[in-house]
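Structure at a glance
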Amino acid sequence: MDNINKELIEAKKRIDEIDELKKSLDSEYKTLQDKIHLYFDSQTIDTTETEKFIINSFWQKAYENYADGGYITDDVKIRELRFPYECKLIKNIINKHCKNKNTALELGCGNGDTSRFLASIFKSVKGVDMSKKCIEKNIAENKTKNLKFERKNAFEENQKYDFVFASDMFMYSPECDVELMFEKLLNLLNGGGIC
Ligand SMILES: C[S@@+](CC[C@H](N)C(=O)[O-])C[C@H]1O[C@@H](n2cnc3c(N)ncnc32)[C@H](O)[C@@H]1O
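Just so it is clear, the model here is predicted, and its values are computed rather than measured.

**Details of the UniProt feature "domain: Methyltransferase" (unreviewed entry) in the protein chain**
UniProt's entry tags residues 105-193 with the feature "domain: Methyltransferase" (unreviewed entry), counted in the numbering of this structure. Helix makes up 33% of residues 105-193 and strand 28%, with an end-to-end C-alpha separation of 11 Å.

Given below as structure tokens:
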């Protein structure tokens, strides 16, 4: 047999091997997924740590895959339409209820749009998010002097602010964290502050 035919036969054998490997990986993938779902659905086993791990991993990768930075879609139009509308609402609330306009915090700030907007109202603003990728980008692109970004879990924030804002964040938190998060928000407020 000539060399080229030998090579092609080897290639076909390798394809068959890869097919087998794919089948076995698919089967392992499905088994592992079923295992996670089974434990998650059980009412007796506490899976909170796994839930937190999954949510955290999701957010570390999310900004690689989605363009809008907030709504987790590739529809950049949503960002254009949503942002001015939300800013208007936020500004009304701040003007009506917020006594001091010195410091503001945004939890789960994503791409930092709202933090940047808050920096036009408050003397000093901080945006925090657990996503490394997102915070690194925000820091690299930040041109606003009274705004800083920090990578951290919202629960790790401990200073006090006149205004604390979080949008579109709680629905991605483990259920057991939601009530604690509301308590946290209240604890982050200066006297007369709002969230
Ligand atoms: C759907 S995005 C919303 C981003 C932005 N607030 C907006 O409305 O466009 C949710 C963001 O919350 C962040 N996040 C979720 N849980 C968090 C937590 N416990 N601490 C800090 N960031 C969190 C995620 O990394 C993600 O960037």
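Now that the structure is up, let's keep going.
**Observations concerning the pairing of strand E2 (residues 124-129)**
Buried residues dominate E2, accounting for 5 of its 6 residues. Pairing between strand E1 (residues 103-107) and E2: 5 bridges, direction parallel. Along E2, the bridge assignment pairs Ala 104 with Val 125. Following the chain from E1 across helix H4 (residues 113-118) to the adjacent parallel E2, one finds a crossover that is right-handed. By the bridge criterion, 5 bridges tie E2 to strand E3 (residues 147-151) in an arrangement that is parallel.

**Regarding the domain arrangement of the protein chain**
When cut into domains, the protein chain gives domain 1 (3-65) and domain 2 (76-188). Residues belonging to the side of domain 1 that touches domain 2 are distributed by class as follows: 4 nonpolar, 3 polar and 3 charged.

**Brief notes about the pairing of E1**
Among the 5 residues in E1, 5 count as buried, and that is most of the element. Across the two faces of E1 the burial is the same, with Thr 103, Leu 105 and Leu 107 and Ala 104 and Glu 106 all buried.

**Focus: the nonpolar core**
Ranked by internal contacts, the top residues of the largest apolar core, which has 21 residues, are Ala 104, Leu 118, Phe 122, Val 125, Phe 163 and Val 164. Counting residues per element, the ones that place at least two in this core are E1, H4, E2, helix H5 (132-141), E3 and strand E4 (161-166). Sort the elements by how many residues they give to this core and E4 lands first, with 4 residues. Apart from residues lying up to four places away in sequence, Ala 104 is in contact with Leu 118, Phe 122, Val 125, Tyr 161, Asp 162, Phe 163 and Phe 165.

**Structural notes on unusual backbone geometry**
For Asp 168, which is not glycine, the phi torsion reads 60° and is therefore positive. Positionally, Asp 168 belongs in the loop between E4 and helix H6 (175-187).

Definitions and limits used
Residues numbered from 1 in each chain as written. Predicted model: local features only at pLDDT ≥ 70, side-chain atom pairs only at ≥ 80, totals over all residues. UniProt positions renumbered as here; feature names shortened; annotations may be inferred. Helix = DSSP H or I, 4+ residues; strand = E, 2+ residues; numbered from the N terminus. Buried ≥ 20, exposed ≤ 12 C-beta atoms within 10 Å, placed from the backbone. Pairing = 2+ DSSP bridges. Right-handed = clockwise from strand over helix to strand, strands pointing away. Domains from an automatic or database assignment. Nonpolar A, V, L, I, M, F, W, Y, C, P; charged D, E, K, R; others polar. Core = buried A, V, L, I, M, F, W, Y, C linked by C-beta atoms within 7 Å. Contact = placed C-beta atoms within 7 Å.

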